[in-house]
Amino acid sequence: MAYYRQVGTVPQKRHTQFRDADGRLFYEELMGEEGFSSDSSLLYHRGVPSAIVASEIWDLPDQGTVANHPLKPRHLKLHDLFSVEDAPAVDAVTGRRLVLGNADVRLSYVVTAAVSPYYRNAIGDECVYVESGAGVVETVFGVLPYRTGDYVVVPRATTHRWVPDTTDGPSRLYPIEANSHVAPPKRYLSKYGQLLEHAPYCERDLHGPSEVHVAEGTDVEVLVKHRGNGPGGVVGTRMVYDTHPFDVVGWDGCLYPYTFNIDDYMPITGKIHQPPPVHQVFEAQNFVICNFLPRKVDYHPLAVPVPYYHSNVDSDEVMFYVGGDYEARKGSGIGIGSVSLHPGGHAHGPQPAAIEASLGAEYFEESAVMVDTFRPLELGEAGTASDDGTYAWTWAGRSV
Ligand SMILES: [Fe+2]
């Protein structure tokens, strides 16, 4: 995030004495990326942010993966993974189930109505897409309200917890865990970091915390996901803090969590079919995040509005279908809550009947979130458990 933000009270000069009404010093913490050479924020704590009293192993949910071998396109039915009745006992951190993963990103799914433990991901930024539901994410920077269609971007090592509002049902969350940082694509940005006129969203659409969130407590547990020698290079530790980690009275800087709602993305359309990069929202190391949204479609008199067949020679493509009836997948069995995996090395495109059906269309009522990775994805336990087993044969129109 290149956009400066100040919340709560901070001293006039950084790295100078800053005291409360009783004369006690606050403890200044710099939270920064790339070794003091990239975005950072300065946080002012009541307690010492390093003061832990215990550290023990946290056994993570199953992080194992199996190769997509023999190579096949897949249809994963994420709504089959959770029963809504179980949601009050499932939280957004320990309850998430691994769908797909590689050395750059892990894609999970969870249906939750429970408050999560305090948590931070020390491996990379998390971008959690809210398929449906509402609530708040309490963070060391303040509180972020979330709602259906939000991307909740939580920077690496930000202590936080998920608090669903269950009034209208559980929260369906699709966590995208990077092993790097998630940010707007560089081509959307000026050389100083402002979103440019051609970008499909702007700073007004990004919502950070607006006030600090201070809590009292001692011996507070925080689950930490970090690098290690577990499956996927991921392990967990449970740390116990002497005082509550939510003790920040003020902070400022350019590194903080924020939300962006999919409805605030203004789709770019054309006279003929526009390629996926016009639908890009974020980039990270070795993967991108795009969204396909309700939009007017191609207006050339002979336009074919659904995509041409394409061979992802450099990437695996993961589509998560979250709204409408996806035009190019008609006839495939894919619906809301489905994920399709189109692996590199195999051409894909519309199911044949979808091409004729799209001709003359002026508008597509469809929403999908796409993750394109530049290294092959493997199936997590939830990917294997939700695989429909027949999607690969739908273009040929046979059942096998
Ligand atoms: Fe594609």
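Remember, it's a predicted structure, so these values are computed and weren't measured experimentally.

Our focus in this paragraph is the overall build of the protein chain. Along the backbone of the protein chain there are two helices and 30 strands. Its C-alpha atoms give the protein chain a radius of gyration of 22 Å, near enough to 21 Å, the size a compact globule of 400 residues would have. Over its C-alpha atoms, taken along the principal directions, the protein chain stretches across nearly 75 × 45 × 40 Å. Approximately 17800 Å² of the protein chain is accessible, and the part contributed by carbon and sulfur atoms is 51%.

Turning next to empty space enclosed by the protein. Overall, the coordinates contain two cavities of 30 Å³ or more when judged by the stated rule. Counted as a void, the largest cavity has a volume near 80 Å³. Looking at the largest cavity, the residues that line it are Ile268, Thr269, Gly270, His273, Gln274, His279, Arg295, Lys296, Val297, Asp298 and Pro305. Along the lines of polarity and charge, the residues of the lining of the largest cavity split into three nonpolar, five polar and three charged. Its boundaries defined by the atoms lining it, the second largest cavity holds a volume of some 60 Å³. Forming the boundary of the second largest cavity are Pro61, Gln63, Arg96, Arg97, Leu98, Arg106, Ser108, Glu177 and Lys225. Listed by contribution, the elements that provide at least two residues to the lining of the second largest cavity are β7 (97-101) and β8 (105-112).

It is worth spelling out the domain arrangement of the protein chain at this point. Partitioning the protein chain into domains gives domain 1 (51-69 + 84-246 + 257-261) and domain 2 (265-396). Between the C-alpha centres of domain 1 and domain 2 the distance comes to 25 Å. Interface area, domain 1 with domain 2, both sides summed: about 3300 Å², of which 60% is carbon and sulfur. Scanning the region where domain 1 abuts domain 2 turns up three salt bridges. Ionic pairing is found between Arg375 and Asp104, a salt bridge with its closest N-O pair at 2.8 Å. For the side of domain 1 that touches domain 2, the secondary-structure elements that each account for two or more residues are β5 (65-67), β7, β8, β10 (126-132), β13 (150-154), β15 (171-178) and β20 (258-261).

What follows covers the packing of aromatic side chains. Scanning all chains against the criterion turns up 21 aromatic pairs. With a centroid separation of 5.1 Å and an interplanar angle of 75°, the aromatic rings of Tyr321 and Tyr326 are classed as edge-to-face. The exposure class of Tyr326 is buried, given its relative accessible area of 10%. Stacked on the ring of Tyr256, the Lys or Arg Arg5 has its end atom at 5.8 Å from the ring centre. Its guanidinium or amino end placed over the ring of Phe82, Arg97 lies 5.8 Å from that ring's centre, counting from NZ or CZ.

Ligation of the iron ion by protein atoms is provided by His310 (NE2), Glu317 (OE) and His348 (NE2), these donors lying 1.9 to 2.1 Å from the ion. Of note, the iron ion draws all its donor residues from one chain, in the sequence arrangement H-x6-E-x30-H. With a gap of 38 residues between them, His310 in strand β24 (residues 310-311) and His348 in strand β27 (residues 347-348) connect regions that are remote in the sequence. Judged by its relative accessible area of 1%, His348 falls in the buried class.

For the rest of this paragraph, the subject is the pairing of strand β3 (residues 40-45). The buried count for β3 comes to five of six residues, which makes it a mostly enclosed element. As defined by bridge partners, β3 adjoins strand β19 (residues 248-253) across five bridges and the pair is classed as antiparallel. Bridging from a neighbouring strand, Leu43 pairs with Trp251 of β19.

Moving on to the nonpolar core. Core analysis: the biggest nonpolar cluster contains 79 residues, and Leu100, Tyr151, Tyr174 and Phe282 have the highest contact counts within it. Among the elements that line this core, the one with the most residues is β8, at five residues. Two domains each put at least three residues into this core: domain 1 (51-69 + 84-246 + 257-261) and domain 2 (265-396). Ignoring sequence-local partners within four residues, the contact set of Tyr174 consists of Leu78, Leu107, Ser108, Tyr109, Cys127, Val128, Tyr129, Val318, Phe320 and Val339. Listed in part, the 15 residues of the second largest apolar core include Met319, Tyr321, Met370 and Tyr391.

With that settled, consider the pattern of salt bridges. As enumerated under the stated definition, the model contains 16 salt bridges in all. Across the pair Glu177 and Arg96 runs a salt bridge, and its minimum N-O distance is 2.7 Å. Linking Glu177 in strand β15 with Arg96 in the loop between β6 (74-77) and β7, this pair joins segments that are 81 residues apart in sequence. Side by side, Glu177 and Arg96 carry an identical accessibility label, which is buried. Glu366 serves as the salt-bridge partner of Arg295, at 3.2 Å between the closest nitrogen and oxygen. You can see Arg295 sitting in strand β23 (residues 295-296) and its partner Glu366 sitting in strand β29 (residues 366-373), a full 71 residues away along the chain. You'll find Arg295 and Glu366 in the same group, each marked buried. Bridged by salt links that share partners, the residues Arg96, Arg106, Glu126, Glu177 and Lys225 form one connected network.

Each value, and the rule that gives it
Residues numbered from 1 in each chain as written. Predicted model: local features only at pLDDT ≥ 70, side-chain atom pairs only at ≥ 80, totals over all residues. Heavy atoms only, no water. Helix = DSSP H or I, 4+ residues; strand = E, 2+ residues; numbered from the N terminus. Rg over C-alpha atoms; globule rule 2.2 N^0.38 Å. Areas by Shrake-Rupley, 256 points an atom, 1.4 Å probe, with all protein chains shown as cover. 1 Å grid on protein atoms, 1.4 Å probe; cavity = no way out; pocket = protein on both sides within 12 Å on 5 of 7 lines; lining within 4 Å. Points joined across faces, edges and corners; volume = space filled by probe spheres on them. Nonpolar A, V, L, I, M, F, W, Y, C, P; charged D, E, K, R; others polar. Domains from an automatic or database assignment. Buried area = accessible area lost by both parts, 1.4 Å probe. Salt bridge = Lys/Arg side-chain N within 4 Å of Asp/Glu carboxyl O. Phe/Tyr/Trp six-rings, centres within 6.5 Å; stacked < 30°, edge-to-face > 60°. Buried < 20%, exposed > 50% of the residue type's maximum accessible area, 1.4 Å probe, protein only. Lys NZ or Arg CZ within 6 Å of the ring centre and 35° of its normal. Donors = N, O, S within 2.8 Å, 3.2 Å for Na, K, Ca; no water. Pairing = 2+ DSSP bridges. Core = buried A, V, L, I, M, F, W, Y, C linked by side-chain atoms within 4.5 Å. Contact = heavy atoms within 4.5 Å.

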